[in-house]
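Examination of the molecular architecture
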Amino acid sequence: MLKIVVLLKQTFDTEEKIVLSPSGVNEQGAKFIINPYDEYALEEALRQREKHGGQVIAVACGPERSQEALRTALAIGADEAIRVDGSSLPDDGFTVAGALAKVVEPLQPDLLLAGLFAVDSGAGSVALQVAQRLGLPHASAAVKATVLTKAEAAALPAAGGSKGQGAGGESVSASGNGGVSVLPQAERYALVERDIEGDTETVLIPLPALITAQQGLNEPRYPSLPGIMKAKKKPLRTVDASELWGGAAAASVADAAPRTQRTQLFPPPPRAAGKLVPGEPSEQAAALVHLLRSEAKLL
Amino acid sequence: MSKTILVFAESRDGALRRVAFEALGAARQLAGKDGAVHAVLACSGGAADEAAALLARGADVVHIADDPALRAFAPEAYLAALGAAMAAVRPDALLLGHTAMGRELAPRVAAAHGAGHIADVTAIEPSADGGDVGFIRPLYAGKAFERRSFLPGHPWVITVRPNNLPAAEPVDAAERKGTVQALPFTVPALYTAVRSLVRRTGGKLDLAEADVVVSGGRGVRSAAGFEPLQALAGVLGGAVGASRGACDAGYCDYALQIGQTGKVVTPQLYIACGISGAIQHLAGMSQSRVIVAINKDPDAPIFGVADYGIVGDLFEVVPLLTAELQRAQA
C-alpha cells in the first residue's frame, strides 16, 4: 500500500494567448488546465496505486478556480483533494512551498509526486522546496519510475561498473556510485530513470521521496464519464492559508514570509515583420545565406 | 553598494559550461566594483584547469570541493558542498545556471537557507539611485515577462538561463589576483545511488546552450526525415530540436521538444523546418535572435515571427541550404 500525494497547479491552457491588463494577466474567457507536467505526475500516482494499492491525494495551492483542476484530478482517479486557498498568499515560491509543506507533512506520504515545472511561472522551484522542508530526497525529471521492495532493490544487478556501448549505440558511463548498500535502510525504494538534458540517468532512492515528472513518463488518461460522476462525491477540502500558521498571515511568519516580489509585468518585445525570400529553391538557399551574413550578421 | 556573490560553476565532462561564465559575469555585475566574487567547483580528482579558467575571467576566490562522492550526481553531496561554501563565504547571493543540475540544487539551497529563489533569469537591471535590482524572467515560456526583485533581509538564490547574459570578460594576466582554496565539507548520508548514465546525446550540445537550433515539425514526416536537418545543424555547429507535433507523431524523442511544454531556447539563429507555429511552440522559440522559417504553407503562423521566410518544400530547400553553407565555409 502506498500513500501518494500529488502536487498540482492549475495553469492557462498552453494554446491560450496571454493578454496583459493593468491588474495582471487577463483571465477573462481563458481556458484553464492541470499543468501538463502535473498531469504526468497524477497519472504516475494512479499507476503506482493500481500496482501497489493505496491512496492518491491531490493537493493544489491556488485561487477558487483551482477547484476545477482538483475536481478533474478526482474524476481522473484521485481519491481525495485538498486546496490551499492561495488567494491571500503572497505570490512567491518560498511562501507557497511553506504552505504546501504544512499541508503535506501530516499526510505522511510514501511518495510525493509533482511536475518538473509549471508552464506558467516556469520556475520549477516549489516542489523541490517542499521536499527540502520535509527532509525528503528527490529524483527529478523522471521518465520512468518503479517502486521496489527492500528485497527487490537488493536484488538489482551491480551498478554502473561497465563503460561501453549501449543497445542504441549510445555510450554508457561508469559514473555509478553503487546500489542499495550505499543508501539508508528503507522499506521501499524507487528506481527512477531521469532525463538530464537528453541523457538518461538511472538512480535508486529510498522512499519516502519526491519524484518530479518529465514529459514522456507516461500517457495521461482522460476523465471518464463514470469518473466524473464519482468525483462529485469524493472529498475536496479547502484549507484557509491562515489556518496553517495558527491564524497568522504568511507574511508575518518567519519561515513563510515572501522572499521575492513581482515589480512589473510586461509583454515580450514585438518582432519586426520578416521578409519572404523569393525565387527557385536554389536561389532561395543562396539568398538566405547571403541575408544571414550581410543583414543578420550571422555565420 | 558592494556585495559578496557566490557562483556555482558547473562543469560537464571535465570542462566548465559556458553558463558558468555567464553566471560569473552576472556575479561581477551584482557584486559591484568593490564587491567580491567567489566561485565553487565540485569535482572528484582535481579541477585545476577549471579553477584557472575562472580566475582568468575575474573570480576573486575559487573554492574547490573535491571528493569521490561528487563523481556521480548525488544531489545530497552537491548540496553539502554548496552548503559548506555558503557557510564559508556568507554570500549576499548565490548564482547557478538554470540547467538540469542548477534547477535541482537552487530550490533546495533556497529552502535550506531561508533564501528567495528567482529562477530562469534572462536579464538583470542594476539598481538605480538606491532602488532594487530587477531580475527579468519569462512567464508562460515567453508569452509575457516579469521583473522580480528580492525583499530585504534574506540571501538571494538566482538561476540564470543559458545563452542570455554576457559572459565574464577575460582579465589581463597582470591584473589577476584571485586565489584558489580547498573547500572542506562533510559528505552526508547519501540518498541517491546513481546506477548508470546513458549518453544518448553523444556529448552533443544541449539545446538550451546551442547558438544555432534547427528544428523540425510534422512536415518532416518521419524519423528519417530529420536527417537533412541534422546535416544542416552539423554544418552550422548547432543542435536539432522538434515541435510537439513531431514528438507526438513519434518522429523523435521528447527530449528534443521545444515549446511551452518542453524546452525554451534562445539561440542566435533558429531555423524552423516544416513547423506550422502553434502558440505553444512559438512560446518556446520566439525570443531567438534571428528566426528562419521553411514551410510549404504560406499562411503558416510561423512566418509571423520569422525574420526570413522560405515558402517551399523543406526536403528540397534544406539540403540546398546545407550545400550553400558548405560552399561558403570552404
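Just so we're clear, the structure is a prediction, and the values are computed from it rather than from any experiment.

This part covers the sheet that holds strand β12 (residues 179-182) of chain B. Residue and element names in this part refer to chain B. Across the sheet, 7 strands lie side by side as β7-β11-β6-β1-β4-β5-β12; this open sheet has parallel pairing. The open sheet has two free edges, formed respectively by β7 (116-121) and β12, since each of these has just one partner strand. Neighbour-to-neighbour, the strand axes of this sheet turn through a mean angle of 20°, independent of strand direction. Across the sheet, helix α3 (residues 75-89) lies against β1 (4-8), β4 (36-43), β5 (61-66) and β6 (93-97), angled at about 165° from β1, the strand it touches most.

Residue and element names in this part refer to chain B. The domain architecture assigned to chain B consists of domain 1 (4-182) and domain 2 (207-329). Counting residues at the interface gives 12 residues for domain 1 and 12 residues for domain 2. Across the interface of domain 1 and domain 2, roughly 1,000 Å² is buried in total on both sides, 41% from carbon and sulfur atoms. Looking at the side of domain 1 facing domain 2, the largest losses of area belong to Ala141, Lys143 and Asn163, adding up to 45% of the total buried there. Linking domain 1 to domain 2 there are 2 salt bridges. Across the salt bridge formed by aspartate 211 and arginine 18, the nearest N and O atoms sit 3.5 Å from each other. Grouping the amino acids of the side of domain 1 that touches domain 2 by side-chain chemistry returns 5 nonpolar, 3 polar and 4 charged.

Every contact between the two is made by 91 residues of chain B and, on the other side, 96 residues of chain A. In total, about 8,400 Å² of surface goes out of reach between chain B and chain A, with carbon and sulfur atoms giving 54% of it. Among the residues of chain B in contact with chain A, Arg108, Arg195 and Tyr308 of chain B are the three that bury the most area, contributing 11% of the side total. At the junction of chain B and chain A, the tally comes to 9 salt bridges. Across the salt bridge formed by arginine 148 of chain B and aspartate 91 of chain A, the nearest N and O atoms sit 3.4 Å from each other. Applying the counting rule to chain B against chain A returns 43 residue pairs in polar contact (both at pLDDT 80 or more). Counting residues per element, the side of chain B that touches chain A draws most heavily on helix α4 (residues 100-113) of chain B, which supplies 8 residues. Sheet analysis places strand β17 (residues 275-276) of chain A next to strand β18 (residues 308-311) of chain B, joined by 2 bridges and oriented parallel.

By the assigned domains, chain A splits into domain 1 (2-136 + 208-252) and domain 2 (272-299). Computed over C-alpha atoms, the centres of domain 1 of chain A and domain 2 of chain A are 47 Å apart.

Residue and element names in this part refer to chain B. Applying the stated criterion across every chain, the model contains 33 salt bridges over all chains. Between arginine 28 and aspartate 60 there is a salt bridge, with the nearest N and O atoms lying 3.0 Å from each other. A residue pair is termed long-range when its members are at least 10 positions apart, and arginine 28 in helix α1 (residues 18-31) and aspartate 60 in the loop between α2 (48-56) and β5 qualify at 32 residues. A relative accessible area of 29% means that arginine 28 is categorised as partly exposed. Measuring nitrogen to oxygen at the nearest pair gives 2.8 Å for the salt bridge that ties glutamate 146 to arginine 137.

Looking at chain A, the pLDDT average stands at 92 and 94% of residues meet or exceed 70. Of the regions scoring below 50 in pLDDT, residues 161-169 of chain A engages in 12 contacts with residues more than four places distant in sequence or in other chains.

To continue, consider the packing of aromatic side chains. What characterises a pair of aromatic rings is the spacing of the ring centres plus the angle enclosed by the ring planes. Following the criterion strictly, the structure yields 10 aromatic pairs over all chains and no others. Their ring planes at 75° and their centres at 5.6 Å tell us that phenylalanine 12 of chain A and tyrosine 140 of chain B sit as a pair that is edge-to-face. Of the two residues, phenylalanine 12 of chain A is situated in strand β2 (residues 10-12) and tyrosine 140 of chain B in the loop between β9 (134-139) and β10 (144-150); the pairing between them involves two chains. Considered together, phenylalanine 12 of chain A and tyrosine 140 of chain B belong to a single accessibility category, that of buried residues. Judged by centre distance (6.4 Å) and plane angle (80°), the ring pair of phenylalanine 8 of chain B and tyrosine 78 of chain B falls under edge-to-face. Taken as a pair, phenylalanine 8 of chain B in strand β1 and tyrosine 78 of chain B in helix α3 lie far apart in primary sequence, 70 residues in all. For the pair formed by phenylalanine 8 of chain B and tyrosine 78 of chain B, the shared burial category is buried. Pairwise contacts between aromatic rings join Phe12 and Phe32 of chain A together with Tyr140 of chain B into one cluster. Directly above the ring of phenylalanine 21 of chain B sits arginine 57 of chain B, whose terminal nitrogen or CZ lies 4.7 Å from the centroid.

Below, the discussion takes up the packing of helix α5 (residues 227-236) of chain B against helix α8 (residues 314-329) of chain B. Residues and elements named next belong to chain B. Here α5 crosses α8 at 20°, and the two axes come no closer than 9 Å. Here α5 lies roughly parallel to α8, going by the angle between them. Between α5 and α8 lies a crossing of left-handed hand. Along the contact surface, α5 presents Pro228, Leu229, Ala231, Leu232, Val235 and Leu236, while α8 presents Leu314, Phe315, Val318, Pro319, Leu321, Thr322, Leu325, Gln326 and Gln329. Its residues placed into classes, the contact of α5 with α8 shows 12 nonpolar, 3 polar and no charged.

Next up on the list: the pairing of β18 of chain B. Bridge analysis of strand β17 (residues 290-295) of chain B against β18 of chain B gives 4 bridges, and the strand direction is parallel. Looking at β18 of chain B, one finds that alanine 293 of chain B is bridged to glycine 309 of chain B.

This brings us to the environment of valine 126 of chain A. Residue and element names in this part refer to chain A. Note on placement: valine 126 falls in helix α4 (residues 126-134). Residue valine 126 is classed as partly exposed on the basis of its relative accessible area, which comes to 24%. The sequence separation of valine 126 and leucine 7 amounts to 119 residues, and the corresponding C-alpha distance is 9.6 Å. Excluding residues that lie within four positions of it along the chain, valine 126 makes contacts with Gly93, Val96, Ala97 and Leu100.

Rules and cut-offs
Residues numbered from 1 in each chain as written. Chains lettered and ligands numbered in written order. Predicted model: local features only at pLDDT ≥ 70, side-chain atom pairs only at ≥ 80, totals over all residues. Heavy atoms only, no water. Pairing = 2+ DSSP bridges. Helix = DSSP H or I, 4+ residues; strand = E, 2+ residues; numbered from the N terminus. Axes fitted to C-alpha atoms, helices over the stretch in contact; angles between N-to-C directions. Contact = heavy atoms within 4.5 Å. Domains from an automatic or database assignment. Buried area = accessible area lost by both parts, 1.4 Å probe. Salt bridge = Lys/Arg side-chain N within 4 Å of Asp/Glu carboxyl O. Nonpolar A, V, L, I, M, F, W, Y, C, P; charged D, E, K, R; others polar. Polar contact = N/O pair within 3.5 Å; in protein donor to acceptor, adjacent residues only side chain to side chain. Buried < 20%, exposed > 50% of the residue type's maximum accessible area, 1.4 Å probe, protein only. pLDDT = per-residue confidence, 0-100. Phe/Tyr/Trp six-rings, centres within 6.5 Å; stacked < 30°, edge-to-face > 60°. Lys NZ or Arg CZ within 6 Å of the ring centre and 35° of its normal. Parallel < 35°, antiparallel > 145°, perpendicular 65-115°, else oblique. Left-handed = near helix turned anticlockwise from the far one by under 90°.

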